[in-house]
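# Commentary on secondary and tertiary structure
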Amino acid sequence: MHFDLQTLPCVILCGGKSSRMGQDKCFLPLYDRNLVDFQFSRLSALFQSCFLSCKEDKFNAHFKQLIFDKKFEGVEFSPMLALFSVLDYFKDTFVFIISVDMPSVEKEQIDALAKHLDQSLIILPRSKGYIHALCGFYHSSLSGKCFELLQQKKHKIQSLCEQNNAFVLDFKDDESFVNLNDFESYVRFKNEIF
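Below is a short write-up of the structure. (Residues numbered from 1 in each chain as written. Predicted model: local features only at pLDDT ≥ 70, side-chain atom pairs only at ≥ 80, totals over all residues. Heavy atoms only, no water.)

## Details of unusual backbone geometry
A positive phi angle is found at Asn60, which is not glycine, with a value near 50°. Residue position: Asn60 is located in the loop between β4 (49–54) and β5 (66–68). According to the relative accessible area criterion, Asn60 is exposed, its value standing at 72%. (Helix = DSSP H or I, 4+ residues; strand = E, 2+ residues; numbered from the N terminus. Buried < 20%, exposed > 50% of the residue type's maximum accessible area, 1.4 Å probe, protein only.)

## Observations concerning the side chain of Asp101
Assignment of secondary structure puts Asp101 in the loop between β6 (94–99) and α3 (107–114). Within the structure, the side chain of Asp101 is placed 2.5 Å from the side chain of Lys25, a separation counted as a polar contact. At 2.9 Å, the side chain of Asp101 forms a polar contact with the side chain of Asn179. Residues contacting Asp101, with those up to four places away along its chain left out, are Lys25, Leu35, Val178, Asn179, Leu180 and Asn181. (Polar contact = N/O pair within 3.5 Å; in protein donor to acceptor, adjacent residues only side chain to side chain. Contact = heavy atoms within 4.5 Å.)

## A short note on empty space enclosed by the protein
Inspection of the entire model under this criterion finds one cavity of 30 Å³ or more. Computed from the structure, the largest cavity encloses a volume of approximately 40 Å³. Together, Leu13, Pro79, Ala82, Leu83, Ile97, Ala133, Leu134, Tyr138 and Ile157 line the largest cavity. With three residues, helix α2 (residues 79–89) is the largest single contributor of residues to the lining of the largest cavity. Here the residues of the lining of the largest cavity sort into nine nonpolar, no polar and no charged. (1 Å grid on protein atoms, 1.4 Å probe; cavity = no way out; pocket = protein on both sides within 12 Å on 5 of 7 lines; lining within 4 Å. Points joined across faces, edges and corners; volume = space filled by probe spheres on them. Nonpolar A, V, L, I, M, F, W, Y, C, P; charged D, E, K, R; others polar.)

## Some points on the packing of aromatic side chains
Tallied over the entire structure, the rule returns 13 aromatic pairs. Both rings, one in Phe47 and one in Phe96, keep their centres 5.4 Å apart while their planes meet at 10°; by these two values the pair is stacked. Separated by 49 residues along the polypeptide, Phe47 in the loop between α1 (35–44) and β4 and Phe96 in strand β6 bring together distant segments of the chain. Phe96 carries the same exposure label as Phe47, and that label is buried. Judged by centre distance (5.1 Å) and plane angle (75°), the ring pair of Tyr89 and Phe90 falls under edge-to-face. Taking relative accessible area as the criterion, Tyr89 reaches 45% and is therefore assigned partly exposed. (Phe/Tyr/Trp six-rings, centres within 6.5 Å; stacked < 30°, edge-to-face > 60°.)

## Considering the layout of surface pockets
Using a probe with the size of a water molecule, rolled over the atoms, empty space left in the structure can be pinpointed. Of the volumes computed, that of the largest pocket is approximately 1,100 Å³. Surrounding the largest pocket, 37 residues form its lining, Arg20, Pro79, Ser99, Leu134 and Ile157 being those nearest its centre. Going through the elements one at a time, α2, β8 (130–131) and α5 (157–163) are the ones with two or more residues in the lining of the largest pocket. No other element matches α5, which puts four residues into the lining of the largest pocket. Taken together, the residues of the lining of the largest pocket sort by class into 16 nonpolar, eleven polar and ten charged. If you add up the space inside the second largest pocket, you get close to 210 Å³.

## Here's the deal with the pattern of salt bridges
Per the stated rule, a full pass over the model turns up nine salt bridges. When the shortest N-O distance is used, the salt bridge between Asp88 and Lys70 registers 3.2 Å. Placement of the pair is Asp88 in helix α2 and Lys70 in the loop between β5 and α2, with a sequence separation of 18 residues. By relative accessible area, Asp88 is classed as partly exposed at 28%. (Salt bridge = Lys/Arg side-chain N within 4 Å of Asp/Glu carboxyl O.)

Shown next, in the form of structure tokens:
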């Protein structure tokens, strides 16, 4: 079974600490714009709708499609809270979720993942043995499971994937899944594309 991307929403995760980068990744210059503009522009062309997941509007009302992290006592930064907030926003659909700092994932890789949406409620890529939990399809019906894990103080997405038998697709091409985790990886990436 293959889902048409034009029938599905995409959410770009923009609410992380960026502690290793030393500055907010969203606003790193890339091509003739910044990273979040670059991601939003290219992914909006692929999906029915595109949203940004964040804690508050740090974009000066530049974007209308924002999904804010819900309030959860004792929790400030949590991938599980972001995922719960996103999945709870939608009803009965797969959502493609990607971190803002993964600018090399193309339609080819996303289409390959979408071909397996009948295999599980979670479809993720793996390259060089590493599963990219913040780049894949999650079904909105998992929001309740995310809430339960938050209550158990489990904040890693891996917990959700293990409990729900995530389908993992192997890719030989590791470059597509590069993460701009720190300033060195960002500079290296910029040098490679220019």
